[in-house]
Amino acid sequence: MKNIRIALTKGRLEKFSINMFENIGIDCTELKDKGRKLIFKDDKNNIEFVLVKSTDVLTYVEYGAADIGIVGKDTLLEQEKNFYEVVDLKFGRCSFNVAALPDYKNYTSLKRKRIATKYPNVARNFFRSKGEDVELIKIEGSVELAPILGLSDAIVDIVETGTTLKENGLIIIEKICDISARMIVNRASMKINKNKIGTLIEKVQKYVDENVK
Ligand code: PRP
């Protein structure tokens, strides 16, 4: 029987994902002791995992190189692609926010604001929905630096604990939306492996319902 391949997002979501799959009876021993390996198998359950960057999870699942992906809603909102989003896993919770130095005010002023972000599509959609025309500047990381160095008036970024904002003297101006990890499935895989993937989705949904408030 062909393995079901699951692409996991490296980093913050990793240990939550492993914990969840272990709880639904998948052997994650290889995944927990990974060394330099890139593919981790549970032969008994015909499951294999790959660990990749969040945006690559979308690419692998969209093209069917992975059947299933675990990825943050932030990445899904930024890069709209074609697959099924099947379960809100409710871990990796955080939110998108507009943040700035405390002297940022007057949203309605005539000045066209500069917004630095790693998420230009999310920022564009948000300001467009408010009817506000802004200039977007793409930054790859440590976006909090941009208003401090005078590069932008504000940022659109993820806030989890709020520590990064606080330690850098920034405040939340407006919340955009909540974020959490999602399970996604390739469209063709869903049809071809209907039973196996359907059972897995049910188990995952049950795990979320019973274990996550
Ligand atoms: C994210 C985000 C914030 C920080 C928020 O960055 O961009 O900088 O986490 O977390 P907090 O509210 O708990 O402080 P990440 O650590 O992913 O790295 P990056 O700055 O390189 O994007």
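Given the structure is predicted, the values throughout are model-derived calculations rather than measurements. (Residues numbered from 1 in each chain as written. Predicted model: local features only at pLDDT ≥ 70, side-chain atom pairs only at ≥ 80, totals over all residues. Heavy atoms only, no water.)

Caption draft 1: Molecular detail of the nonpolar core. Residues I6, F21, F49, I70 and L89 are the most contacted members of the largest nonpolar core, which totals 29 residues. When contributions to this core are tallied by element, the ones reaching two or more residues are β1 (4-9), α1 (14-23), β3 (47-52), β4 (68-72), β11 (181-185) and α9 (194-211). Looking at this core element by element, the count peaks at 6 residues for α9. F21 has contacts with I6, L8, I26, C28, F49 and I70, leaving out every residue within four places of it along the chain. (Core = buried A, V, L, I, M, F, W, Y, C linked by side-chain atoms within 4.5 Å. Buried < 20%, exposed > 50% of the residue type's maximum accessible area, 1.4 Å probe, protein only. Helix = DSSP H or I, 4+ residues; strand = E, 2+ residues; numbered from the N terminus. Contact = heavy atoms within 4.5 Å.)

Caption draft 2: Just the side chain of T117, in detail. With respect to the helices and strands, the residue T117 is situated in strand β7 (residues 114-117). Residue class for T117 comes out buried when judged on its relative accessible area of 0%. A polar contact is formed between the side chain of T117 and the backbone nitrogen of Y119, at a distance of 2.8 Å. Engagement of the side chain of T117 in a polar contact is seen with the backbone oxygen of V156, the distance being 2.6 Å. Those residues within four positions of T117 in sequence are excluded, and the remaining contacts are A123, I137, K138, I139, V143 and V156. (Polar contact = N/O pair within 3.5 Å; in protein donor to acceptor, adjacent residues only side chain to side chain.)

Caption draft 3: Molecular detail of unusual backbone geometry. At K90, a position not held by glycine, the phi torsion is positive, near 65 degrees. Position of K90 among the secondary structure elements: in the loop between β5 (84-88) and β6 (94-100).

Caption draft 4: Seen up close, the site of the ligand. Around the ligand, the surrounding shell holds 13 residues, and the nearest of these are R12, K118, E144, T161 and T164. At 2.6 Å from an oxygen atom of the ligand is found a side-chain nitrogen or oxygen belonging to R12. One nitrogen or oxygen atom from the side chain of T161 is found 2.5 Å from an oxygen atom belonging to the ligand. In isolation the ligand has 500 Å² of accessible area, and contact with the protein removes 73% of it. Residue assignment for the shell around the ligand shows that the elements contributing at least two residues are β9 (154-159) and α7 (163-167). (Near = heavy atom within 4 Å. Areas by Shrake-Rupley, 256 points an atom, 1.4 Å probe, with all protein chains shown as cover.)

Caption draft 5: Molecular detail of the pattern of salt bridges. Overall, the coordinates contain 17 salt bridges when judged by the stated rule. A salt bridge links K2 to D67, with the shortest nitrogen-to-oxygen separation between them at 4.0 Å. Linking K2 in the segment before β1 with D67 in the loop between α3 (54-63) and β4, this pair joins segments that are 65 residues apart in sequence. With relative accessibility at 4%, the residue D67 sits in the buried group. Among the salt bridges present, the one from K130 reaches E174, with a minimum N-O distance of 3.0 Å. Of this pair, K130 sits in the loop between α5 (120-129) and β8 (135-138) while E174 sits in strand β10 (residues 171-179), and the two are 44 residues apart along the sequence. Under the relative-accessibility criterion, K130 is labelled partly exposed at 38%. Overlapping salt bridges bring together K73, E85, D88 and R182 as one network. (Salt bridge = Lys/Arg side-chain N within 4 Å of Asp/Glu carboxyl O.)

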